[in-house]
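What follows is each chain in one-letter form.
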2 protein chains.
Amino acid sequence: MPRAGLTTDSVVTAAGELADEHGLDGVTLARLAGRLGVRPPSLYAHVDGLPDLRTRLAVRGAEQLAATLQAAAAGLAGSQALSAVAHAYRAYALAHPGSYTALQRTTSNTDEAAEAARRVVAVVLAVLAGYGLDGEPALHATRAIRSALHGFVLLETQHGFGLPLAPDESFTTLVSMLDSGLRGVGGASA
Amino acid sequence: MPRAGLTTDSVVTAAGELADEHGLDGVTLARLAGRLGVRPPSLYAHVDGLPDLRTRLAVRGAEQLAATLQAAAAGLAGSQALSAVAHAYRAYALAHPGSYTALQRTTSNTDEAAEAARRVVAVVLAVLAGYGLDGEPALHATRAIRSALHGFVLLETQHGFGLPLAPDESFTTLVSMLDSGLRGVGGASA
DNA sequence: TGACGTGCCTATGGGAGTTAGGTAAAGTCC
DNA sequence: GGACTTTACCTAACTCCCATAGGCACGTCA
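Counting restarts for each chain, with residues numbered from 1 along the sequence as it is written. Going through the entries in the order they are written, you letter the chains from A and number the ligands from 1. Side-chain atom pairs in this predicted model are given and counted only at pLDDT of 80 or more, local residue features only at pLDDT of at least 70, and totals for whole chains, interfaces and linings cover all residues. The side-chain figures draw on all heavy atoms in the structure; neither hydrogens nor water molecules are used.

The next subject is the overall build of chain A. Segments assigned H or I by DSSP are reported as helices when at least four residues long, segments assigned E as strands when at least two residues long, and all are numbered from the N terminus. On a plain count of helices and strands, chain A comes out with eight helices and zero strands. Its helices and strands taken in sequence order, chain A reads α-α-α-α-α-α-α-α from the N to the C terminus. Taking the principal axes of its C-alpha atoms as reference, chain A extends roughly 70 × 40 × 25 Å. The rule is simple: take the accessible area with a 1.4 Å probe, protein chains only, and divide by the maximum for that residue type; under 20% is buried, over 50% is exposed, in between is partly exposed. Of all 190 residues assigned to chain A, the portion counted as buried reaches 48%. Contacts are assigned to residue pairs that have any heavy atoms within 4.5 Å of one another. Contacts in chain A between residues at least 24 apart in sequence constitute 68% of all its contacts with a sequence separation of at least 6. Accessible surface is estimated by sampling points in the Shrake-Rupley manner with a 1.4 Å probe; for residues, cover comes only from the protein chains shown. Accessible surface, chain A as shown: approximately 8600 Å² in total, 56% of it carbon and sulfur. In chain A, 14 side chains carry a positive charge and 17 a negative one; their mean positions are 6 Å apart. Charged residues are defined here as Lys and Arg on the positive side and Asp and Glu on the negative side; His and the ends of the chain fall outside this count. Note on charges: their place is set at NZ of Lys, CZ of Arg, CG of Asp or CD of Glu.

What follows is the structure, encoded as structure tokens:
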């Protein structure tokens, strides 16, 4: 029997595809092994069990998200930067729902995950500088923005919006609320 | 052997406690049966398996949340109402993390779940009326508010905030951003 | 007091994650 | 090019979970 030629990277990649198709809970070692043409125990040579696999998915997702946001914000400032980052954030989550869920559900904070999270925060902080915010108030505002984007995307991907109302417009409303919210808070403290 | 005297209600209540202690994924029929002094199959007399139990947890959580928000908003308007609702929302999620997770993850939309969701939306819409918002813009704003609260609470309960920064202040920042965001959007369209 | 409904039980099956130990393919050194 | 080492993958087996089927005994009501 020829070897499948797996690596940790190819296993995690396949798991990501599985997560985007069947949801994060649909990622089982049995199904993943089936897709890779291998028996479940063989995966343990590349990944240390299901929790480790989930952590790796989360780290990969965080890194991709951070890179996406950095690229989106490049060369922009103020409202334009905020809007670009927000839409890039949402686009990533919609395109990779499984990875996004994984990245949210991580409890084990590895160094790589922390590093990716730091990059995301850095991008938002750079945007906030355009609103005259820095220091501790900027950190609080970062949390607020992150919360809003995260919540919206989660509700949207998990079909939490009951009403038949265009999500695009709702998202635009959210972004402009954040924009004027930042001007209100920033204007008071800057 | 004396009977345990279970009812559907007592089973769901115990499951809610379990969810708040061990997380929603920690709610297994085996563990639940152990807590109730009963064998796992006995639970099927009161609940139709694990998915049904999760749905019931979600419905109960949604009803409790709606009632909490209604009580918090009573007699208030404008910024005060917004702040009261927001803080009540966060307090409920922090006090009942398991139920809150369940209420978020529901995919099966029963009539009761829809009704509870409708009540939550109604409370927020009433608050928005104080900002001069109604109709479709109010619905979009409702989604925005819900997203922000939901995202914050999720990040907080799942320890998504890496930095050692007081969450209370971050939340206050979020609420005031929403407040000025609503004034910005509301003033433009009302 | 006897029959009935039903709450809870044991027994059983199937599927998932995980570990232990074996086999054969791929790489390495003389 | 042949022998040794490494390692990718396998089968077998264990545990824990959800779920179903069928049986026993408790409580009620005529």
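Having put the structure on the table, let's press on.
The next thing to look at is helix 4 (residues 78-95) of chain A. What a helix is expected to span follows from its residue count: subtract one and scale by 1.5 Å. For helix 4 of chain A, with 18 residues, the first-to-last C-alpha span of 26 Å sits near the 26 Å given by 1.5 Å per residue. Three or more residues of helix 4 of chain A are buried, namely A:Gly78, A:Ala81, A:Leu82, A:Val85, A:Ala86, A:Ala88, A:Tyr89, A:Arg90, A:Tyr92 and A:Ala93.

Each of the two chain copies goes to the other by way of a rotation about an axis and a shift along it. Here the copies were fitted onto each other by least squares, based on C-alpha atoms from residues at pLDDT of at least 70 in both. At an RMSD of 0.1 Å, chain B and chain A line up after a rotation of 179° and a shift of 0.1 Å along the axis. Those values place the two copies in the arrangement expected of a two-fold rotation axis. Of all interface residues in chain B, 100% are interface residues in chain A too; the two copies therefore contact each other through one and the same surface.

The next point concerns the pattern of salt bridges. Think of a salt bridge as a Lys or Arg side-chain nitrogen and an Asp or Glu carboxyl oxygen that are within 4 Å of each other. All told, the structure shown has 16 salt bridges over all chains when counted by the stated rule. For A:Glu156, the salt bridge identified is with A:Arg90, shortest N-O distance 2.8 Å. In this pair, A:Glu156 sits in helix 7 (residues 135-157) while A:Arg90 sits in helix 4, placing the two residues 66 residues apart along the sequence. With a relative accessible area of 9%, A:Arg90 lands in the buried category. A salt bridge links B:Asp179 to B:Arg183; the shortest N-O distance between them is 3.6 Å. Here B:Arg183 and B:Asp179 lie together in helix 8 (residues 167-189), a separation of four residues that amounts to about one turn. In the salt-bridge network here, residues are joined through shared partners; they are A:Glu17, A:Glu21 and A:Arg35.

This paragraph deals with the packing of aromatic side chains. Aromatic contacts are taken between Phe, Tyr and Trp rings whose centres are within 6.5 Å, Trp giving its six-membered ring; a plane angle under 30 degrees counts as stacked, one over 60 as edge-to-face, and the others as tilted. For the structure shown, the criterion picks out six aromatic pairs over all chains. The ring of A:Phe171 carries A:Arg90 above its face, with NZ or CZ at 5.1 Å from the centroid. Across the ring face of B:Phe161, the terminal group of A:Arg143 is positioned such that the distance to the ring centre comes to 4.4 Å. Think of it as a cone above the ring: NZ of Lys or CZ of Arg counts as a charge over the ring if it is within 6 Å of the ring centre and within 35 degrees of the ring normal.

Bringing empty space enclosed by the protein into the picture now. Residue and element names in this part refer to chain A. Within this scheme a cavity is a closed region of a 1 Å grid, computed over the protein atoms alone, that accommodates a 1.4 Å probe without allowing it to escape, whereas a pocket is open but has protein on both sides within 12 Å along at least five of seven lines; lining residues each have an atom within 4 Å of a point. Grid points are joined across faces, edges and corners, and a volume is the space filled by probe spheres set on the points. Applying the stated criterion across every chain yields a total of three cavities of 30 Å³ or more. The computed volume of the largest cavity comes to approximately 50 Å³. Together, Leu69, Val85, Tyr89, Val120, Val124, Thr142, Ile145, Arg146 and Leu149 line the largest cavity. By residue number, the principal contributor to the lining of the largest cavity is helix 7, which donates four residues. Any residue that is not Ala, Val, Leu, Ile, Met, Phe, Trp, Tyr, Cys, Pro, Asp, Glu, Lys or Arg is counted as polar, Gly included; the first ten are nonpolar and the last four charged. Here the lining of the largest cavity is composed, by residue class, of seven nonpolar, one polar and one charged. Roughly 40 Å³ of internal volume is contained in the second largest cavity. Around the second largest cavity, the lining residues are Leu82, Val85, Val124, Val127, Ile145 and Leu149.

Right, let's get into the side chain of B:His150. Position of B:His150 among the secondary structure elements: in helix 7 (residues 135-157). Under the relative-accessibility criterion, B:His150 is labelled buried at 4%.

Looking now at helix 2 (residues 29-36) of chain B. All names here are of chain B. Residues of helix 2 that are buried include every one of Leu29, Leu32, Ala33 and Leu36, and no others. Looking straight down helix 2, one finds that the buried residues subtend no more than 100° of arc, so they occupy a single side. Relative to its buried face, helix 2 has exposed residues pointing more than 90 degrees away, namely Ala30 and Gly34. In this structure, the buried residues of helix 2 make contact with helix 1 (8-22) and helix 3 (49-73). Backbone geometry just downstream of helix 2 places glycine 37 in the positive-phi region, at approximately 70°. The directions considered for the arc are those from the helix axis to the C-beta atoms.

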